[in-house]
Amino acid sequence: MSIKKITSFTHHKTAEGSRLSATYSEITEDGNLVKSNERFNVIVVGDEQQAHIDALTEFLQGKIPE
């Protein structure tokens, strides 16, 4: 059995809608690296998921240094 960990993600507004791009690494239970920085994309279609993205965006907007 292996463990998959998200290592980074970004959000983009595209013609299709909200797109999330992410990378992940896969590690065995013994700590051996199976995959590193594998990338995938998804289009957000659910209102609940979009609300979470909007909340993160609002949070980050409030953290922009003056």
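Before reading on, note that the structure itself is shown above.
From a predicted model like this one, the values you see are computed outputs, not experimental measurements.

Participant: Sorry, what's going on with the pairing of strand E1 (residues 2-14) here?
Facilitator: Two faces make up the sheet, and in a regular strand the side chains alternate between them. Looking at chain direction, E1 and strand E2 (residues 17-28) are connected through 12 bridges and run antiparallel. In the sheet register, threonine 14 faces E2, and the bridge partner there is glycine 17. Where E1 folds back onto E2 in an antiparallel hairpin, the turn is made up of two residues.

Participant: Just checking my understanding: could you explain the sheet that holds E1 for this structure?
Facilitator: With antiparallel pairing, three strands are arranged side by side in an open sheet as E1-E2-E3. Bordering the open sheet on either side are E1 and strand E3 (33-43), each of which pairs with just one other strand. Ignoring strand direction, the axes of neighbouring strands in this sheet form an average angle of 15°.

Participant: Is there a simple way to explain the environment of glutamine 49 in this structure?
Facilitator: Looking at where glutamine 49 falls in the secondary structure, it is placed in helix H1 (residues 47-61). Distance in space between the C-alpha atoms of glutamine 49 and serine 18 is 10.0 Å, their sequence separation being 31 residues.

Rules behind the numbers
Residues numbered from 1 in each chain as written. Predicted model: local features only at pLDDT ≥ 70, side-chain atom pairs only at ≥ 80, totals over all residues. Heavy atoms only, no water. Pairing = 2+ DSSP bridges. Helix = DSSP H or I, 4+ residues; strand = E, 2+ residues; numbered from the N terminus. Axes fitted to C-alpha atoms, helices over the stretch in contact; angles between N-to-C directions.

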